[in-house]
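Close look at the chain arrangement
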Amino acid sequence: MSAEATNPVSAAEDAATDVTVRRRGRGRIDLRRLGRAALLGATAGPAPRDRLPDAIGHVAEAHRTHHPEADLTVLRRAYVLAESSHRGQFRKSGEPYITHPLAVTLILAELGAETTTLTASLLHDTVEDTEVTLDQVRREFGDEVAYLVDGVTKVEKIDYGAAAEPETFRKMLVATGNDVRVMSIKLADRLHNMRTLGVMRPEKQARIARVTRDVLIPLAERLGVQALKTELEDLVFAILHPEEYETTRALVAGNPHAPDALGAVAEQVDAVLREAGIGADVLVRPRHLVSVHRVRLKRGELRGCDFGRLLVLVAEDADCYAVLGELHTCFTPVISEFKDFIAAPKFNLYQSLHTAVAAPDGAVAEVLIRTHRMHKVAEAGVVALGDPHGGQETAEQPEGTAPPAERQGTSATPASLVSEDGERVDPTRPGWLSRLLDWQQSAPDPDTFWTSLRADLAEDDEITVFRADGGAPGTISLPAGASCVDAAYAQHGEAAHACLGARVNGRLAPLSTVLGDGDTVQLLLAQDPVSGPSPEWLDHARTPAARIAITGWLRDHPESATPADPGRRLGPGDRSGDRSDDRPDGWSGDRPGTRPEPLPAADRRPGAELHADLDGERPAAVRPAGCCTPVPPDEITGFRVRGGSVTVHRSTCASADAMRRIGRAPVAVRWGDTAQGRVTLVAESFGRPGLLADLTEAIATAGAAVVSATVEPPSEQRVRHTYTLHLPDAAELPALMRAMRDVPGVYDVSRARHRASPRPRPHRT
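Given the structure is predicted, the values throughout are model-derived calculations rather than measurements.

So, the pairing of strand 14 (residues 636-640)
Counting buried positions along strand 14 yields four of five residues, so the element is predominantly enclosed. The pairing of strand 14 with strand 15 (residues 646-650) spans five bridges and is classified as antiparallel. Bridge pairing in strand 15 links Gly 638 to Val 648. In terms of strand pairing, strand 14 meets strand 16 (residues 666-671) through two bridges, oriented antiparallel. Looking at the pairing, Phe 639 lines up with Pro 666 of strand 16.

Looking at the sheet that holds strand 19 (residues 718-727)
If you walk across this open sheet you meet the four strands as 18-19-17-20, and the pairing is antiparallel. The open sheet terminates on both sides in strands that have one partner only, identified here as strand 18 (705-711) and strand 20 (746-751). Averaged over all pairs of adjacent strands, the angle between strand axes in this sheet comes to 20°, irrespective of strand direction. As paired strands, strand 17 (residues 677-686) and strand 19 are joined by 10 bridges and run antiparallel to one another. Opposite Thr 680, over in strand 19, you have Thr 724 as the bridge partner. In the packing of helix 25 (residues 691-701) onto the sheet, contacts are made with strand 17, strand 18, strand 19 and strand 20, and the angle to strand 19 comes to roughly 25°. The sheet strands contacting helix 26 (residues 733-741) are strand 17, strand 19 and strand 20, and the helix crosses strand 20 at an angle near 155°.

Quick look at helix 18 (residues 317-330)
Owing to its 3.6 residues per turn, the α-helix brings residues three or four apart onto one side. Spanning 14 residues, helix 18 covers 21 Å between terminal C-alpha atoms, matching the ideal 20 Å at 1.5 Å per step. Looking only at helix 18, the buried set comprises Cys 320, Val 323, Leu 324 and Leu 327. Within helix 18, the buried residues cover an arc of 100° as seen down the axis, which keeps them to one side. Opposite the packed face of helix 18, turned more than 90 degrees from it, sit the exposed residues Ala 318 and Thr 329. Looking at the buried side of helix 18, the elements it contacts are helix 16 (258-275), strand 2 (308-314), strand 5 (353-358) and strand 6 (364-371).

Things to note about the environment of His 372
Following the sequence through the fold, His 372 ends up in helix 19 (residues 372-380). Judged by its relative accessible area of 41%, His 372 is partly exposed.

What about the environment of Pro 630?
Residue position: Pro 630 is located in the loop between strand 13 (622-624) and strand 14. For the pair formed by Pro 630 and Ser 651, sequence separation is 21 residues and the distance between their alpha carbons is 9.2 Å. The residues touching Pro 630, leaving out its near neighbours within four places in the chain, are Pro 624, Ala 625, Ile 636, Val 648, His 649, Arg 650, Trp 671, Arg 678 and Arg 751.

Considering the confidence of the model for the protein chain
Of all residues in the protein chain, 75% attain a pLDDT of 70 or more, and the chain-wide mean is 76. Confidence, expressed as mean pLDDT per element, reaches its minimum in the protein chain at helix 1 (residues 10-24) with 41 and its maximum at helix 6 (residues 115-122) with 94. Counting interchain partners and residues more than four positions distant, the pLDDT-below-50 stretch residues 39-45 has four contacts. Considering only residues more than four positions removed or in separate chains, one finds that residues 562-606, a stretch of pLDDT under 50, has 88 contacts.

Some thoughts on the pattern of salt bridges
Taken as a whole and judged by the stated rule, the model has 24 salt bridges. Where Asp 143 meets Arg 138, a salt bridge forms, and the shortest distance between an N and an O atom there is 3.5 Å. Residue Asp 143 is classed as partly exposed on the basis of its relative accessible area of 40%. A relative accessible area of 33% means that Arg 138 is categorised as partly exposed. Within this structure, Glu 114, Glu 144, Asp 179 and Arg 181 form a network of salt bridges that share partners.

Some thoughts on unusual backbone geometry
Despite not being glycine, Leu 349 shows a phi value in the positive range, around 80°. Tracing the chain through its elements places Leu 349 in the loop between strand 4 (339-340) and strand 5. Accessibility expressed as a relative area gives 30% for Leu 349, which makes it partly exposed. With phi around 55°, Asn 505 is a residue other than glycine that occupies positive phi space. Mapping Asn 505 onto the fold places it in the loop between strand 9 (499-504) and strand 10 (507-509).

Some points on the sheet that holds strand 10
An order of 8-7-11-9-10 is seen for the five strands of this open sheet, with the pairing classed as mixed. Either end of the sheet is taken by a strand with one partner, and the two such strands are strand 8 (475-479) and strand 10. With direction set aside, neighbouring strand axes in the sheet form an average angle of 40°. As judged from the five bridges shared by strand 9 and strand 11 (residues 520-525), these two strands associate in the antiparallel manner. From the neighbouring strand, Gly 501 faces strand 11, where its bridge partner is Leu 524.

Some words on the nonpolar core
In terms of nonpolar packing, the biggest core is built from 84 residues, with Leu 123, Met 194 and Leu 453 touching the most fellow members. In terms of residues, this core owes the most to one element, helix 13 (residues 202-222), which gives nine residues. Leave out the neighbours within four places in its chain, and Leu 123 touches Ala 78, Leu 81, Ala 82, Val 137, Phe 141, Val 145 and Val 149.

Section: the environment of Asp 519
As for its position among the elements, Asp 519 is in the loop between strand 10 and strand 11. Remark: the alpha-carbon pair of Asp 519 and Ile 463, spanning 56 residues in sequence, is separated by 9.1 Å. Apart from residues lying up to four places away in sequence, Asp 519 is in contact with Thr 464, Val 465, Phe 466, Val 504 and Asn 505. At 2.7 Å, the side chain of Asp 519 forms a polar contact with the backbone nitrogen of Gly 516.

Re the side chain of Gln 226
Here Gln 226 lies in helix 14 (residues 226-240). In this structure the side chain of Gln 226 is engaged in a polar contact, spanning 2.9 Å, whose partner is the side chain of Glu 221. Apart from the residues lying within four places of it in its own chain, the contact partners of Gln 226 are Glu 221, Asn 348, Ala 378 and Glu 379.

Rules behind the numbers
- Residues numbered from 1 in each chain as written.
- Predicted model: local features only at pLDDT ≥ 70, side-chain atom pairs only at ≥ 80, totals over all residues.
- Heavy atoms only, no water.
- Buried < 20%, exposed > 50% of the residue type's maximum accessible area, 1.4 Å probe, protein only.
- Helix = DSSP H or I, 4+ residues; strand = E, 2+ residues; numbered from the N terminus.
- Pairing = 2+ DSSP bridges.
- Axes fitted to C-alpha atoms, helices over the stretch in contact; angles between N-to-C directions.
- Contact = heavy atoms within 4.5 Å.
- Expected span 1.5 Å × (residues − 1).
- Arc of directions from axis to C-beta.
- pLDDT = per-residue confidence, 0-100.
- Salt bridge = Lys/Arg side-chain N within 4 Å of Asp/Glu carboxyl O.
- Core = buried A, V, L, I, M, F, W, Y, C linked by side-chain atoms within 4.5 Å.
- Polar contact = N/O pair within 3.5 Å; in protein donor to acceptor, adjacent residues only side chain to side chain.

As structure tokens, then:
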């Protein structure tokens, strides 16, 4: 985009040329020759209408390779406007500036971009660097081309100052959300500028390379444009890590016969597939320099087969699995290297089978198996999708993608692709881009946006979790390593401030739980309108959307951002500014290392009457066991204890089972006529302000009296309340337990159960 880009860095240029030749089988176009052709065309007058100018002939040839029926008239008109508007402008290398848009357009043409994208790429710098206006582009080439040109046009530095770069990327990303072809042009533009970065000051080279590494390369990966991503990686590698780059380059140069090792394995694979009657192309695919560097760091010393991989191309999906079966039958498979990205494609549309096999001579070769269409998408990504709004020259659709919608006219957008706010919507927009566009609206500050963007793009993998509530959409896409906090904000937005916890795969889990691909998540929200996140949530938030929302809430509620006591884990709704009058008398807080004081005894009345049938023995005291606190109409059993009294247990009590195992004879017991009783209940809940007050209010409303209560310190955002209650009518116990469960934040209420302690063994002397 800038006229500053100049002669190439020699080492990076040589390496990029090697990679390009190996990948596409054609040499680098001579930009100086294109420049001379452009100048000659300008001095000799316009080319006849029935033929293209010589300078654009290479673009036309590459374009017709993918789109044989393409109408090149619009390309000719775009070139004429671009050449005339850039006439007299030169790059720092001395080349006419028109060579830059020509090179960018050639890159896209080789990837299979359709005519509209190529037209916009020829014009992509005219509005920014010449007197051509956006209205002029719209009048001559239509709304579609004007939209793409505007999307890649930088914002004015005079208006934005130091924020110009982040705001330019924000503008391009928003435009990309409506049409991914905007970013396709930007990536090709950056690739050509990186190829010709040589005579810039070293510090400026490093700055541009860092932005390319942190923003453009991740975007190329996410959009699936591997052909651009791999070359950008090598060019950045040469600038930011010159010593490692030279070491890796020397390593590749020092193993000129490495392809022969893979070639021998390829011949064996080809013979096996021919014998099985499977039509396939078996190719040797050399690794680019960054890939070789990564493999060297992972494996140490490299062997011949480590410098590349085998690529097997077939016609149909079923053939991929047929090839896999033959390879695993006739060679020794390395099972740990097998991955099926056909059944489960990557989030960037990538599909392939990955495996590794050991040949009879012991050489281990990695193998990629895919169809020809999968290969096209793997190399060109979204460029292979063509016009997302249904252009007539759309490239062949890859597996798993819907065909484009019909369109009325050249630049009109169908009603089905227009959102409620009037903005057109790209049907190929990936989920990660939708999330990015959502959170960037909450980051008006350029520094926050720039930092969050780099952090978001650094997440290079994605998971899908399922909603348990059956809502639409039924899935949530998140970066790998995301927690329940991230899922809450992805599903509920700012309403997630009131999230108390979650159920993951049916089991209760704290918000800090890291989610895995395929998990089912149910998020639990409090009904309390004042509930909010705690500072601790930031420790578990991985997505910018969650972090920006939490930070904003804490900034607006400074009393909630007060640091917690040392060693204390805050609950999800815990707020240090909570009023003390929300807590009943006797509450001592929940500081670790202190046991909360029990509430004063509210009632000392006896429980239900119990009677023991002792068959003529002297009467004995009969009392309920504290471990299971039986109440009418529980089935009960009794046992003699020290002192002659009888302790009554529920029949299902673990202590009663332990008594039977050690030979204690049960005593027949029964309930008396009274309906009252005493019971101990345990309430499990997520911490939030005022929870204890709400629980005691529910207990009082049900007519029960609190005998004693204890609240354990929070652990992993959960709080356990234990109440011993006096019930006027024990038959009302189920209703009381339901009322306690209905208190927001409470997820379980149960009768107290204590494990039976092992019987102590007597000491022998």
